[in-house]
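Geometric and topological summary
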Amino acid sequence: MEFTAQSNSQAEEGSVLEMGTRKHVAIALFIIMMGTVCCTAVSPTVATKGKVMKVATVHPPTHPFAITLESFARRVGELTGGSVEVQVYSSGQLGQERDQLEGIQIGTIEAGIATTAVLAAFNKDFEIFSLPFLFSDADALSRAYEGPVGQKYAKKLENSNMLTWKCWVVGPRGVYSKKPINSLNDIRGMKVRTLESPIYLDTWKALGAIPTPLPFGEVYTALQTGLVDAAEGSMLGLITAKHGEVVKYFADIQYVISGNAVVIGKSFYDKLTVQEKAAVRTALDEATVLVKKLLAAQDADTLRQVKDLYKVTITKPERAPFREAVRSIYANYKAYEADIDHILAQQ
């Protein structure tokens, strides 16, 4: 199913972030110096007299998401005078994304972060956030999620004991190759490594490529030997998996932009006082601003390394022909036609 594939796509490149810790440590140190966060995870054994809010993420402590959650924890404590204590569990301590959402559903976890693709397991409506070329950029996805369309879907999640108002957006996916891609025509006939997922396979077929599903760990050799001509993925994969050693071109087509929903348990939220609810919402608003800055810094550092260390050339093909080529995929989502049109009209 589509939601599983997108979750895996983020995990396969995101999990190797721990191998690139040096890059993110610089970001973390900057924030610590500014007095914004403390990056030490709260111990689950710490006694507290207030209400405990366990927040989970699959990302390591040095990732912008985990750093931001520590800031969120501190601010909630400040704004509530300690009546609500947020405990951050990073590195998948409380399970993978679906495990965390199931924990929120039954009330054993109070909050967590999961891709909209995983969220679609609990409400199929969220699958449209995985459609190719639907969003022009990260801000467009955030507006759609926090606007009428996203919040209409979010309302249905309340039956699963979930509340969600914010979406944190990570770097978009493009395609890296051995020869430059300057237009849609350059992709036609290319053997492109993709995830083994209907929506990914259909996308690359619609673009005229020959989709070739492969595990992420086999991509380096496949590119090196010519088994594939190119691979879809984020720019980060050029560094963390060293794919930049065997390919020297990255087409920044941004065909999929990954949204990560911040989900809070409804049963927990309903137990909070009016003042505590306001504090959580305020702290979440502030956290959303912070994480955007941290992710932008990470993206800038990634771009610098791709260009300076791996000497990769970045191309930016016109996206309109790509979007038009995949319109046939949207036909599978006829029930969402009005919502899709609304999203496109807001960009």
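Residues numbered from 1 in each chain as written. Predicted model: local features only at pLDDT ≥ 70, side-chain atom pairs only at ≥ 80, totals over all residues. Heavy atoms only, no water.

1. Examining the side chain of asparagine 123
Mapped onto the elements, asparagine 123 comes out in the loop between helix 5 (116-119) and helix 6 (138-146). Polar contacts involving the side chain of asparagine 123 include one to the main-chain carbonyl oxygen of tyrosine 153, which spans 3.0 Å. In this structure, asparagine 123 is in contact with Tyr153, Lys156 and Leu157, ignoring residues within four places of it in sequence. (Helix = DSSP H or I, 4+ residues; strand = E, 2+ residues; numbered from the N terminus. Polar contact = N/O pair within 3.5 Å; in protein donor to acceptor, adjacent residues only side chain to side chain. Contact = heavy atoms within 4.5 Å.)

2. Some points on the pattern of salt bridges
Counted under the stated rule, the structure contains 18 salt bridges. For the salt bridge of aspartate 301 with arginine 304, the shortest nitrogen-to-oxygen distance reads 3.0 Å. One end of the pair is aspartate 301 and the other is arginine 304, both in helix 12 (residues 274-308) and three residues apart, which spans about a single turn. Accessibility expressed as a relative area gives 18% for aspartate 301, which makes it buried. A relative accessible area of 41% means that arginine 304 is categorised as partly exposed. Through salt bridges that share partners, Arg74, Arg75, Glu78 and Glu286 make up one connected network. (Salt bridge = Lys/Arg side-chain N within 4 Å of Asp/Glu carboxyl O. Buried < 20%, exposed > 50% of the residue type's maximum accessible area, 1.4 Å probe, protein only.)

3. A word on helix 4 (residues 97-106)
Of the residues making up helix 4, those classed as buried are Glu97, Gln100, Leu101, Gly103 and Ile104. Angularly, the buried residues of helix 4 cover 155° about the axis, an arc narrow enough to put them on a single face. Within two residues after helix 4, glycine 107 carries a phi angle of roughly 90°, on the positive side. (Arc of directions from axis to C-beta.)

4. Points about the sheet that holds strand 10 (residues 259-265)
With mixed pairing, five strands are arranged side by side in an open sheet as 2-1-3-10-4. Edge positions in the sheet fall to strand 2 (84-89) and strand 4 (162-169), since each has one partner strand and no second. Neighbouring strand axes in the sheet, compared pairwise and without regard to direction, differ in orientation by 25° on average. Across the sheet, helix 12 touches strand 1 (51-56), strand 2, strand 4 and strand 10, and the angle it forms with strand 4 is around 20°. (Pairing = 2+ DSSP bridges. Axes fitted to C-alpha atoms, helices over the stretch in contact; angles between N-to-C directions.)

5. Topic: the sheet that holds strand 6 (residues 191-194)
Reading across the sheet, the six strands line up as 7-6-8-5-9-11 and stay open at both edges, with mixed pairing between neighbours. Each edge of the open sheet carries a strand with a single partner, namely strand 7 (210-213) and strand 11 (313-315). Neighbouring strand axes in the sheet, compared pairwise and without regard to direction, differ in orientation by 35° on average. Packed on one face of the sheet, helix 8 (residues 198-206) meets strand 5 (173-177), strand 6, strand 7, strand 8 (230-234) and strand 9 (249-256) and runs near 120° to strand 9.

6. As for the environment of valine 280
Considering the arrangement of structural elements, one finds valine 280 in helix 12. Note: C-alpha distance between valine 280 and alanine 73 (207 residues apart in sequence) is 9.3 Å. In contact with valine 280, not counting residues within four places along its chain, are Phe72, Val76, Ile264 and Leu272.

7. Focus: the nonpolar core
Core analysis: the largest hydrophobic core is formed by 54 residues, its most contacted members being Leu101, Leu119, Ile128, Phe129, Leu131, Phe135 and Trp204. Beyond its immediate sequence surroundings of up to four residues, leucine 101 is in contact with Ala114, Val118, Leu119, Phe122, Met162 and Val263. Of all hydrophobic cores here, the second largest spans 27 residues; its members include Met53, Ala111, Val262 and Leu295. (Core = buried A, V, L, I, M, F, W, Y, C linked by side-chain atoms within 4.5 Å.)

8. With respect to the pairing of strand 10
Side-chain direction in a regular strand flips from residue to residue, so the side chains alternate between the two faces of the sheet. Where burial is concerned, most of strand 10 is hidden: seven out of the seven residues are buried. Side chains Gly259, Ala261, Val263 and Gly265 project from strand 10 onto one buried face, and the interleaved Asn260, Val262 and Ile264 project onto a second face that is buried too. Bridge count for strand 3 (residues 111-115) against strand 10 is five bridges, and the pairing is antiparallel. By the bridge assignment for strand 10, threonine 115 is matched with asparagine 260. In this structure, strand 4 lies alongside strand 10, joined through seven bridges in antiparallel fashion. Bridged to cysteine 167 within strand 10 is alanine 261.

9. A few points about the confidence of the model for the protein
Summing up the model confidence of the protein, the mean pLDDT is 88 and the portion of residues at 70 or higher is 86%. Residue range residues 1-6 is modelled with pLDDT below 50. Its contacts to residues more than four positions away, or to other chains, number 22 contacts. Low confidence marks residues 15-47, where pLDDT is under 50. Its contacts with residues over four positions away, or in another chain, come to 54 contacts. (pLDDT = per-residue confidence, 0-100.)

10. Examining the packing of aromatic side chains
The tally for this structure, following the rule as stated, stands at 15 aromatic pairs. A centroid spacing of 6.0 Å and a plane angle of 25° characterise the contact between phenylalanine 126 and phenylalanine 129, whose relative ring orientation is stacked. The class of phenylalanine 126 is buried, set by a relative accessible area of 0%. Centroid distance phenylalanine 126 to tyrosine 145: 6.0 Å. Interplanar angle 45°. Geometry classified as tilted. One end of the pair, phenylalanine 126, is in the loop between helix 5 and helix 6; the other, tyrosine 145, is in helix 6, and 19 residues separate them in sequence. For tyrosine 145, a relative accessible area of 0% corresponds to the buried category. What links up through ring pairs into an aromatic cluster is the set Phe126, Phe129, Phe135, Tyr145, Tyr153, Tyr333 and Tyr336. (Phe/Tyr/Trp six-rings, centres within 6.5 Å; stacked < 30°, edge-to-face > 60°.)

11. A few points about the packing of helix 6 against helix 7 (residues 148-157)
Put simply, helix 6 and helix 7 touch, their axes get as near as 4 Å, and they point 50° apart. Relative to helix 7, the element helix 6 is oriented oblique. Counting all contacts with helix 6, which are made through Ala144, Tyr145 and Glu146, the residues of helix 7 involved are Val149, Gly150 and Gln151. Per-class residue counts for the contact of helix 6 with helix 7 are three nonpolar, two polar and one charged. (Parallel < 35°, antiparallel > 145°, perpendicular 65-115°, else oblique. Nonpolar A, V, L, I, M, F, W, Y, C, P; charged D, E, K, R; others polar.)

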